[in-house]
Amino acid sequence: MGTIVSDPFTVTLIVTGTMLLLTIIIYTMVLSIRRAKTSQLGEEMYIGGESEDILSLKVPSVLALYWGIVRRSWRKAFDILRDVVHSGILNEWYGYMTMWLSLLLLLSLIVILIRMYIH
């Protein structure tokens, strides 16, 4: 396979055009999804196979089922997370996330440098 050599201006035009095309495609997709979500009649459509009898039953949401399972099976871990780790202060959460993301960034940079020097 041969090497393609091009001047920086041509490469810049190609990359800019590609990014512009991708932006237009993503923007039209977002607009079509937004238009599809809004209802003109104000009615919610239900697409499912359940009968009216089943729909009239009180069924918990998926989120309620998830947290019910988490609280029941991982009670101790949930209590530690709620009472010890989570203080409710946004700055502490920001510091916690910054610490973990910085660690991940450092690890990824180390892996990249190792792979560059091995090959």
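The structure contained in this document is the topic of the report that follows. (Residues numbered from 1 in each chain as written. Predicted model: local features only at pLDDT ≥ 70, side-chain atom pairs only at ≥ 80, totals over all residues. Heavy atoms only, no water.)

### Considering the overall build of the protein chain
- Helix and strand content of the protein chain: five helices and zero strands.
- Traced from its N-terminal end to its C-terminal end, the protein chain shows the element sequence α-α-α-α-α.
- Each of the 119 residues in the protein chain was classed as buried or not, and the buried ones make up 2%.
- Here the protein chain displays about 11,900 Å² of accessible surface, and carbon together with sulfur accounts for 70% of that area. (Helix = DSSP H or I, 4+ residues; strand = E, 2+ residues; numbered from the N terminus. Buried < 20%, exposed > 50% of the residue type's maximum accessible area, 1.4 Å probe, protein only. Areas by Shrake-Rupley, 256 points an atom, 1.4 Å probe, with all protein chains shown as cover.)

### Section: the environment of T16
- Take T16: it is sitting in helix α1 (residues 8-37).
- Judged by its relative accessible area of 48%, T16 falls in the partly exposed class.
- Separated by 2.7 Å, the side chain of T16 and the backbone oxygen of T12 make a polar contact. (Polar contact = N/O pair within 3.5 Å; in protein donor to acceptor, adjacent residues only side chain to side chain.)

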